[in-house]
Amino acid sequence: MDDSKQSSSPEGSVDPSLVSGDGKNVKSVLCQRCSSKVLCPGMAVFAEKELFLPSMRKKTSIGQSDGTLDGDTLTAHWLVDDMYTFENVGFTKDVGKVKYLICADCEIGPIGWHCLDDKKSFYVALDRVNHE
């Protein structure tokens, strides 16, 4: 893992009740639309990394673009190092060297980001999921 890009202490607007003392998620991570469970408690580490995610859409339209892409640059993420850690997540087709993470049940997304060059880094944006 690249320690220069992650932090075990949440800062800024991150709710401290979401992160344990060792930097892991305290609550389950759920899809905002259908409440399907994406991650169980204690399975991801809080990380701060600036990543651009396109606006939330159905997976069929993520790869299509007219040259401009509407979205957000987000910095607060849950970092998972193994794709099999997820309870329920899908991946888009490759968009350059990136695959976006989506809800496998309702296909809303992207909720996260995975660079194909780094096989052990899967980021889920805190602003794109619910916690319970």
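Above: the structure in question.
This one's a predicted model, so the numbers in the text were calculated from it and none came from an experiment.

A.B. asks: An account of unusual backbone geometry is needed here, citing residue identities and associated values.
C.D. replies: Outside of glycine, negative phi angles account for most residues, and trans bonds account for most peptide bonds. Of note, the bond from Gly-109 into Pro-110 is cis; its omega dihedral lies within 30 degrees of zero at 5°. Within the secondary structure layout, Pro-110 lies in the loop between β8 (108–109) and β9 (112–115). Not every positive phi belongs to a glycine, and Ser-35 is a case in point at roughly 65°. Positionally, Ser-35 belongs in the loop between β1 (29–31) and β2 (37–39). The class of Ser-35 is partly exposed, set by a relative accessible area of 48%. Non-glycine residue Glu-107 carries a positive phi angle of around 65°. Note on placement: Glu-107 falls in the loop between β7 (98–102) and β8. For Glu-107, a relative accessible area of 27% corresponds to the partly exposed category.

A.B. asks: Give a detailed account of the environment of Val-45, specifying residues and quantitative values.
C.D. replies: Relative to the helices and strands, Val-45 is located in strand β3 (residues 45–54). Between the alpha carbons of Val-45 and Trp-78 there is a distance of 5.5 Å; along the sequence they are 33 residues apart.

A.B. asks: Describe the sheet that holds β7, listing the residues and the values that go with them.
C.D. replies: Across the sheet, 6 strands lie side by side as β3-β5-β10-β9-β7-β6; this open sheet has antiparallel pairing. Of all strands in the sheet, those bounded by a partner on one side alone are β3 and β6 (90–91). Across 4 bridges, strand β5 (residues 71–80) lies against strand β10 (residues 122–125) in antiparallel orientation. Residue His-77 lies in a different strand from β10, and its bridge partner there is Ala-125.

A.B. asks: Go over the nonpolar core with me, naming the residues and quoting the values.
C.D. replies: Nonpolar side chains tend toward joint burial in soluble globular proteins. By size, the foremost hydrophobic cluster in this structure holds 19 residues, and its most contacted members are Leu-39, Trp-78 and Phe-86. Elements represented by at least two residues in this core include exactly β2, β5 and β10. At 3 residues, the largest contribution of residues to this core is made by β5. Excluding residues within four positions of it along the chain, Phe-86 makes contact with Val-38, Leu-39, Val-80, Leu-101, Phe-122 and Val-124.

A.B. asks: Tell me about the side chain of Ser-121, and name the residues and values.
C.D. replies: One can find Ser-121 in the loop between β9 and β10. According to the relative accessible area criterion, Ser-121 is buried, its value standing at 9%. Reaching out from Ser-121, the side chain makes a polar contact with the side chain of Asp-118 at a distance of 2.7 Å. Here Ser-121 is in contact with Leu-79, Val-80, Trp-113, His-114 and Cys-115, once residues within four sequence places are set aside.

A.B. asks: Please provide a residue-by-residue account of the sheet that holds strand β11 (residues 129–131), values included.
C.D. replies: The strand order across the open sheet formed by 3 strands is β2-β1-β11, and the pairing between neighbours is antiparallel. Two strands bound the open sheet, and with one partner strand each, they are β2 and β11. Between one strand and the next, the sheet's axes are offset by a mean angle of 45°, whatever the strand orientation. In terms of strand pairing, β1 meets β2 through 2 bridges, oriented antiparallel. Within the sheet, the bridge partner assigned to Val-29 lies in β2 and is Leu-39.

Rules used throughout
Residues numbered from 1 in each chain as written. Predicted model: local features only at pLDDT ≥ 70, side-chain atom pairs only at ≥ 80, totals over all residues. Heavy atoms only, no water. Helix = DSSP H or I, 4+ residues; strand = E, 2+ residues; numbered from the N terminus. Buried < 20%, exposed > 50% of the residue type's maximum accessible area, 1.4 Å probe, protein only. Pairing = 2+ DSSP bridges. Core = buried A, V, L, I, M, F, W, Y, C linked by side-chain atoms within 4.5 Å. Contact = heavy atoms within 4.5 Å. Polar contact = N/O pair within 3.5 Å; in protein donor to acceptor, adjacent residues only side chain to side chain. Axes fitted to C-alpha atoms, helices over the stretch in contact; angles between N-to-C directions.

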